[in-house]
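Architecture and fold: a report
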Amino acid sequence: MDLSQPAADLLEVVALVIRGVSDNRDLSLTAVSTLGSLNRYGPQRVTALAGAEGVSQPSMTQLVQRLEQRGLVARGSDPADGRVALVALTDEGLAALSARRARNARRIAELLADLPEDDVSALGDALTAVLPAIRRRVSGGAGAEAGGGAGAGVPGGAGAGIAAATAAS
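Residues numbered from 1 in each chain as written. Predicted model: local features only at pLDDT ≥ 70, side-chain atom pairs only at ≥ 80, totals over all residues. Heavy atoms only, no water.

Formed by 16 residues in total, the largest nonpolar core has its most connected members in L27, L35, M60, V64, L67, V73 and V87. If we ignore the near neighbours within four places in the chain, the residues touching V87 are L38, P43, Q44, V46, L49, V64, V73, A74 and R75. (Core = buried A, V, L, I, M, F, W, Y, C linked by side-chain atoms within 4.5 Å. Buried < 20%, exposed > 50% of the residue type's maximum accessible area, 1.4 Å probe, protein only. Contact = heavy atoms within 4.5 Å.)

Quick look at the structure:
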């Protein structure tokens, strides 16, 4: 089966949805994706976050500093290794992420609102069928260790940032 056309169509849908919900530029897509990763997988090392987002460690360190200044994340010691700092989502960060997700869900609902009910149902059925498998493939099938131990990373590599940003932004 040739999947090139469905893949191209899905890529266009993803791009259009991102564009359709990206009117709020208070946080970059990488920042939102990082907050989403911390929400899903728990506290992580900066190196693990950088790897998951496909950015350099210095870039992620700067992003974490900016998020920390805004009160969205906090750094703390790894209980297993006090020399290691872990980045965690704060209550304020969770609230900001939740608000953004709700705002984006409303915006996507607006984009779908004038479609025929059968089309919306078909979309729902397709998402129900495909989304679990795509999640497994993007995340590598398992969540990251909460402590992000040696060599640990947030699953999904650089592509996970796009998926997370789409969901979280």
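We are not done yet, so read on.
To continue, consider the pairing of strand β1 (residues 73-78). Bridging between β1 and strand β2 (residues 81-89) involves six bridges; their strand directions are antiparallel. The residue of β2 that forms the bridge with G76 is L86. Once β1 ends, the chain turns through two residues before running back antiparallel as β2. (Pairing = 2+ DSSP bridges. Helix = DSSP H or I, 4+ residues; strand = E, 2+ residues; numbered from the N terminus.)

A few words on the packing of helix α1 (residues 4-21) against helix α5 (residues 91-112). With their axes 9 Å apart at the nearest point, α1 and α5 run at an angle of 120 degrees to one another. The chirality of how α1 crosses α5 is right-handed. Contacts between α1 and α5 pair V17, G20 and V21 from the former with N104, R107, I108 and L111 from the latter. Residues that form the contact of α1 with α5 fall into these classes: four nonpolar, two polar and one charged. (Axes fitted to C-alpha atoms, helices over the stretch in contact; angles between N-to-C directions. Left-handed = near helix turned anticlockwise from the far one by under 90°. Nonpolar A, V, L, I, M, F, W, Y, C, P; charged D, E, K, R; others polar.)

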